[in-house]
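Below are the chains, spelled out letter by letter.
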Amino acid sequence: MISRQSMIVAKWEFLRFFKWKQQLISYLLMMAVMAAVALWSYFTDESRKVYRIAVPAEFSISNTEQFQFQRPTIALDEQLAQLKADESWHGVITLNTTGSDQHSVVLHTLAAKKWQQQLETELADYFRQQYATKLQLTPAQLAQLQQPLTIDYAYLDENFKGKDTPEKMIALGVLILLFIGLSTAFGQVLLSITGEKQQRVTEQLYAIVTPQQWMDGKVLGHSLSAMKAMLTSALVMLLVFIVVSVVVREDGVNLGWLNWGVVAWLVPFALLGVLLSACFMGAIAASIDDPNTSGKGAVMMITWLPMLFTYLVIDSPTGTAMMILSWLPLTSFAAMPVKMAMVDLPWWQPALSLILLVAAVWWMRRVAGRIFLRGMQMYGKEPSWGQIVGWALSNKAD
Amino acid sequence: MQLIVTAICKDYGTIAAVRQVSFQINSGDIFALLGPNGAGKSSIIRMLVGMTKPDSGSILVSHQDEHYDHVPRRLLGYLPEDRGLYPDKSIEKNLLYLAQLHGLSKQKALQEMAHWLEVFELSDRRNEDLKQLSKGNQQKVQLIAAVLHQPALVILDEPFSGLDPINQEKVVTFLKALKARGMTVILSAHQMAMVEKLADHMLLMAQGKAILAGTLADIKQQAGPQRQMVISCTGPVVAEQLQQWLPELEIDVQSTTRFVLKLTAAQNVSAILQQLVSQIELTQVEMQTADLHQLYLTAMAEHQLREQA
């Protein structure tokens with residue numbers, strides 16, 4: 001199906017943008033930046049320090065790990081002077097009684113600090129306890145009052161797997177990876193095709209390979225690049241997950257939540273989606289004569305829409321919008337995997353959607369080949385949208 | 001391989017690029033398409049390659065009992081007018097890529113590459129990026145790319161453009177080597193002196209039409225016998241005076257003591273010399289026949305006059 005020449009073009013294109021040294025350096029830099037951020041957060045973390053807070057004598061608030069509440073006998077002015085002078089206190093609290101039982105608390109500090117939010121929570125808890133005592137509430141009653149409302153959802157559709165399942169996270173991950181892959185393909189396809197046109201290589205290549213072989217090779221090569229970007233990003237995501245699990249949470253590595261059945265379906269959809277998008281990008285890039293003056297390049301961003309549309313309806317996986325998106329071949333590569341992750345579907349539905357997607361890829365590659373050939377025959381003149389649509393819909397042989 | 005082109009026409013919008021052009025090329029020939037810019041040479045080449053099709057007329061390519069309406073890719077080596085390769089890749093990578101696309105194994109491609117790089121004295125630069133080479137050397141790499149797979153037919157659109165005289169001579173040698181290997185060559189050019197040295201057949205074009213065609217001898221015959229007498233004299237002569245003595249001749253003034261007299265077939269050399277000797281003292285007299293460049297200019301001028309008429 002794919003000719004030997006197309007495979008040679010694909011290999012050339014893939015290796016042309018495969019700068020493993022630069023990529024390795026960028027990953028090392030990324031890890032260095034992450035390490036620097038972690039170290040910075042650790043050393044600037046205010047929650048690990050102990051803060052001395054002067055409170056009024058009538059305050060019976062208990063000390064916590066972070067805060068030491070002390071009741072100084074000196075006057076407030078003196079306390080504030082000490083706060084200003086030598087940091088005897090990190091904060092001084094005073095109490096204003098506004099009504100019969102209404103209090104307002106004033107926290108005096110040198111400047112705003114991050115730990116003040118935590119202190120606010122501690123003070124709120126203290127006053128809540130005080131009010132409860134005044135109202136003669138038992139600790140059980142108080143606990144009941146403080147308990148948030150929990151709602152359990154019972155879904156009658158047996159096929160719906162649930163709202164916040166691990167599968168949804170997988171589906172979201174796939175959307176992010178697709179976005180990364182298509183962004184990679186976007187830049188490379190545009191640069192590669194318009195670059196070759198500007199470097200006058202296309203006419204030389206035309207004498208060696210057919211426009212379709214050339215376009216097939218381009219699409220395949222850049223799709224491989226996109227998949228490589230997706231794979232490396234997935235590995236980085238997995239690495240971060242493992243580091244967080246082992247180092248931060250100290251839970252050990254548990255990949256039990258990964259539903260391999262869903263993952264097995266995600267892969268062909270993602271691969272075909274990348275191919276379809278690369279074909280579309282190739283068709284548009286082939287119609288551009290000079291990327292510096294043409295406005296057609298932005299149209300290639302249309303390939304991001306399926307992910308955006310799917311994300312917008314991700315919380316209604318059984319809705320009409322998701323149904324349309326999951327069947328339409330131009331969007332199914334993003335929508336069907338998400339739907340499958342969240343709803344149990346009979347096997348024939350993803351299979352049929354996949355077949356439609358294969359047909360769309362086949363059609364789009366033919367369109368891209370035709371547009372490349374016709375565009376090249378215009379010798380430096382950029383085709384109009386009308387001409388492009390005409391070529392796309394024509395069945396004229398190459 | 002044989003190529004028969006019969007009355008092809010090609011229009012681009014309102015512009016008639018090629019008008020009723022016919023020619024034939026036999027196996028092993030070097031065939032030159034000559035003409036000024038916009039004459040229709042590249043349009044013909046693009047039809048031969050199959051990039052465009054003639055609006056009318058026919059192209060018949062015959063090779064080993066098979067017939068095509070354009071040159072099949074597997075038999076073709078092509079140097080386009082708009083040319084370029086990958087500037088950020090080395091000579092070797094560029095050539096290897098194109099050779100492998102042509103179906104050559106890596107080993108065979110490297111072997112052929114070594115030969116042609118040696119011919120063009122580029123062997124020690126094979127690992128340099130193309131962008132590091134001069135324009136002339138880039139052109140040599142492109143010429144190698146066109147023949148690396150030993151095609152039956154090589155089409156070279158302006159192979160001499162951008163080259164200095166020394167490298168133009170190298171290209172002449174290169175083209176003769178292709179002929180010696182049994183390849184058929186079609187080239188388009190402006191450099192008449194180069195074409196005269198190597199073309200077996202040629203076609204002179206102007207404004208999409210064929211003006212003169214055939215071998216150099218055929219073309220000279222079609223253009224009519226063209227002779228010129230170059231004279232040098234001892235002292236200065238006023239051109240108007242010379243024209244008065246020889247009113248029937250066209251005279252080119254090269255200096256006050258050197259003139260070129262253009263003769264037609266009917267004019268008698270002895271009579272002209274007698275007339276001159278009676279008036280001035282000659283130091284040198286040289287008879288010349290017109291070269292391709294002069295024939296080309298004359299043919300172009302006559303064509304323009306016909307078109308204006």
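You'll find the structure just up there.
Residues numbered from 1 in each chain as written. Chains lettered and ligands numbered in written order. Predicted model: local features only at pLDDT ≥ 70, side-chain atom pairs only at ≥ 80, totals over all residues.

K.L.:
Sorry if this is basic, but what is going on with the overall build of chain A here?
P.N.:
Helices and strands together make up the secondary structure of chain A, namely 14 helices and four strands. For chain A, whose C-alpha radius of gyration is 31 Å, the value lies well above the compact-globule estimate of 21 Å for 398 residues. For chain A, with 398 residues in total, the buried portion stands at 32%. At a minimum sequence separation of 6, the contacts of chain A that also span at least 24 residues come to 72%. (Helix = DSSP H or I, 4+ residues; strand = E, 2+ residues; numbered from the N terminus. Rg over C-alpha atoms; globule rule 2.2 N^0.38 Å. Buried ≥ 20, exposed ≤ 12 C-beta atoms within 10 Å, placed from the backbone. Contact = placed C-beta atoms within 7 Å.)

K.L.:
Please clarify how the overall build of chain B should be interpreted in this entry.
P.N.:
Scanning chain B from N- to C-terminus turns up ten helices and 14 strands. By principal-axis analysis of the C-alpha atoms, chain B measures approximately 75 × 45 × 35 Å. Put simply, chain B has 309 residues, and 36% of those count as buried. Long-range pairs, those at least 24 residues apart, make up 70% of the contacts in chain B with a sequence separation of at least 6.

K.L.:
Where do I start with the interface of chain A and chain B in this structure?
P.N.:
Reports often express the size of an interface as the amount of accessible area lost when the parts come together. Taken together, the contact pairs 13 residues of chain A with 18 residues of chain B. For the side of chain A that touches chain B, a count of residues per class yields seven nonpolar, four polar and two charged. (Nonpolar A, V, L, I, M, F, W, Y, C, P; charged D, E, K, R; others polar.)

K.L.:
Help me out: how do you make sense of the sheet that holds strand E9 (residues 201–206) of chain B in this one?
P.N.:
What links the strands of a sheet is backbone hydrogen bonding, and the strands pair in either a parallel or an antiparallel sense. All names here are of chain B. Spatially, E6-E7-E8-E3-E9-E10 is the arrangement adopted by the six strands of the open sheet, whose pairing is mixed. Looking along the sheet, the strands with just one partner apiece sit at the ends: strand E6 (76–79) and strand E10 (209–214). Strand after strand, the sheet turns through a mean of 15° between neighbouring axes, direction not considered. Strands in contact with helix H4 (residues 135–147) are E6 and strand E7 (153–157); relative to E6, the strand with the most contacts, it is inclined by about 165°. Its contacts with the sheet put helix H10 (residues 292–308) on strand E3 (30–34), E9 and E10, and the angle it makes with E9 is roughly 35°. (Pairing = 2+ DSSP bridges. Axes fitted to C-alpha atoms, helices over the stretch in contact; angles between N-to-C directions.)

K.L.:
Quick question: what am I supposed to make of the environment of Glu87 of chain A here?
P.N.:
Residue and element names in this part refer to chain A. Looking at where Glu87 falls in the secondary structure, it is placed in the loop between helix H3 (76–86) and strand E3 (91–97). Since 10 C-beta atoms lie within 10 Å of it, Glu87 is described here as exposed. Considering only alpha carbons, one finds Glu87 and Leu110, 23 residues apart in sequence, at a separation of 9.1 Å.

K.L.:
What should I look at first to understand the sheet that holds strand E5 (residues 66–68) of chain B in this one?
P.N.:
Residue and element names in this part refer to chain B. If you walk across this open sheet you meet the four strands as E2-E1-E4-E5, and the pairing is antiparallel. Both edges of this open sheet fall to strand E2 (15–25) and E5, since each of them pairs with a single strand only. Taken over all neighbouring pairs, the strand axes of this sheet differ in orientation by 20° on average, direction set aside. Here three bridges tie strand E4 (residues 56–63) to E5, and the two strands are oriented antiparallel to one another. The partner of Ser62 across the bridge, within E5, is His67.

K.L.:
Hey, could you run me through the pairing of E3 of chain A in this one?
P.N.:
Regular strands show a simple pattern: their side chains alternate between the two faces of the sheet. All names here are of chain A. Of the strand pairs in this sheet, strand E1 (residues 51–54) and E3 are connected by two bridges, and their pairing is parallel. Residue pairing for E3: Ile53 is matched across the bridge by Gly91. Here E3 pairs with strand E4 (residues 103–108) via six bridges, running antiparallel. In the sheet register, Thr97 faces E4, and the bridge partner there is His103.

K.L.:
Help me out: how do you make sense of the packing of helix H6 (residues 166–198) of chain A against helix H9 (residues 260–286) of chain A in this one?
P.N.:
What describes two packed helices is the angle between their axes and the distance between those same axes. All names here are of chain A. Taken N-terminus to C-terminus, the directions of H6 and H9 make an angle of 25°; their axes are 9 Å apart at the nearest point. Considering the angle they form, H6 stands roughly parallel to H9. When you trace H6 past H9, the crossing you get is right-handed. Contacts between H6 and H9 pair Glu167, Ile170, Val174, Leu178, Gly181, Leu182, Ala185, Phe186, Val189, Leu190, Ile193 and Thr194 from the former with Val262, Val263, Leu266, Ala270, Gly273, Val274, Ser277, Ala278, Met281, Gly282, Ala285 and Ala286 from the latter. Its residues assigned to classes, the contact of H6 with H9 shows 18 nonpolar, five polar and one charged. (Parallel < 35°, antiparallel > 145°, perpendicular 65-115°, else oblique. Left-handed = near helix turned anticlockwise from the far one by under 90°.)

K.L.:
What should I look at first to understand the environment of Ser326 of chain A in this one?
P.N.:
Residue and element names in this part refer to chain A. Along the polypeptide, Ser326 turns up in helix H11 (residues 320–327). Placed 289 residues apart in sequence, Ser326 and Val37 show a C-alpha to C-alpha distance of 40 Å. Leaving out residues up to four positions away in the same chain, Ser326 has contacts with Ser332, Ala335, Met336, Lys339 and Ser353.

K.L.:
Looking at this structure, I do not really get the pairing of strand E12 (residues 250–255) of chain B. What am I missing?
P.N.:
Residue and element names in this part refer to chain B. In terms of burial, E12 is largely open, as just zero of its six residues are buried. Of the pairings in the sheet, the one linking E12 to strand E13 (residues 258–263) comprises five bridges and is antiparallel in character. Directly across from Val253, in E13, lies its bridge partner Phe259. Between the end of E12 and the start of E13, which pair antiparallel, lie two residues.

K.L.:
Even after reading the chapter, I still don't get helix H2 (residues 91–101) of chain B, so can you show me in this structure?
P.N.:
Since the α-helix advances by 3.6 residues per turn, residues separated by three or four positions end up pointing in the same direction. In terms of burial, H2 of chain B is a largely internal element, eight of the eleven residues being buried. Residues of H2 of chain B that are buried: Ile91, Asn94, Leu95, Tyr97, Leu98, Ala99, Gln100 and Leu101 of chain B. The inward-facing, buried residues of H2 of chain B contact helix H1 (4–16) of chain A together with helix H3 (106–119) and H4 of chain B. Backbone geometry just downstream of H2 of chain B places Gly103 of chain B in the positive-phi region, at approximately 100°.

K.L.:
Got a minute to help me understand the packing of H9 of chain A against helix H12 (residues 332–342) of chain A in this structure?
P.N.:
Residues and elements named next belong to chain A. Running from N to C, H9 and H12 cross one another at 170°; their axes reach a closest spacing of 8 Å. As far as their axial angle goes, H12 and H9 are roughly antiparallel. Each of Val262, Trp265, Leu266, Phe269, Ala270, Leu272, Gly273 and Leu276 in H9 lies in contact with H12, whose residues at this interface are Phe333, Ala334, Met336, Pro337, Met340 and Ala341.

Distances and angles like these do not, on their own, reveal function.
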